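One-letter residues, chain by chain:
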Amino acid sequence: LRGLPYGANMNDVLGFFRGYGIIENTVTFGMNSDGRPSGEAWISFGRPEDARRAVREKDRHHMGDRYVELFLLNEGPPG
């Protein structure tokens, strides 16, 4: 995820992806060099198709007053 509001928290991310099979304990927020939020986060989904659907349906949707960009990084091992 890129473009998160700097004050976004776990509940904001979970709410944004409600119904998309996000694995709760996998949300990791990025920090910049001075320890402040970077506006980036990494999450995992229960199934690769959930992740693909989230990117297709939620990319560039707004969280607060910012739009969030979504990218697939790794679909994990097959099977």
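Above: the structure in question.
For the structure given in this document, a descriptive report is provided here. No experiment lies behind these values; they were computed from the predicted model shown.

Turning to the environment of G35, a few remarks are in order. Looking at the element boundaries, G35 is found in the loop between β1 (28-31) and β2 (37-42). Its relative accessible area of 49% is what places G35 among the partly exposed residues.

Attention now goes to the packing of aromatic side chains. Scanning the entire structure with this criterion turns up three aromatic pairs. Each ring, one from F17 and one from Y20, has its centre 6.5 Å from the other, and the planes form 85 degrees; the classification is edge-to-face. Pair check on accessibility: F17 and Y20 agree, each one buried. Aromatic pair F17 and F45: ring centres 5.6 Å apart, planes at 85 degrees, arrangement edge-to-face. Of this pair, F17 sits in the loop between α1 (10-16) and β1 while F45 sits in the loop between β2 and α2 (48-58); the two residues are 28 residues apart in sequence, bridging distant segments of the chain. For the pair F17 and F45, one class covers both residues: buried. Among the aromatic residues, those joined into a ring-pair cluster are F16, F17, Y20 and F45.

Here K58 lies in helix α2. For the buried K58, no salt bridge is present, and the opposite-charge side chain at shortest range is E57, 7.8 Å distant. Within the local environment of K58, its side chain forms a polar contact with the backbone oxygen of F16, the two atoms lying 3.2 Å apart. Dropping the residues within four chain positions of it, K58 is found in contact with F16, Y20, R53, V68 and L70.

Calculation criteria
- Residues numbered from 1 in each chain as written.
- Predicted model: local features only at pLDDT ≥ 70, side-chain atom pairs only at ≥ 80, totals over all residues.
- Heavy atoms only, no water.
- Helix = DSSP H or I, 4+ residues; strand = E, 2+ residues; numbered from the N terminus.
- Buried < 20%, exposed > 50% of the residue type's maximum accessible area, 1.4 Å probe, protein only.
- Phe/Tyr/Trp six-rings, centres within 6.5 Å; stacked < 30°, edge-to-face > 60°.
- Lys, Arg positive; Asp, Glu negative; His and termini not counted.
- Salt bridge = Lys/Arg side-chain N within 4 Å of Asp/Glu carboxyl O.
- Polar contact = N/O pair within 3.5 Å; in protein donor to acceptor, adjacent residues only side chain to side chain.
- Contact = heavy atoms within 4.5 Å.

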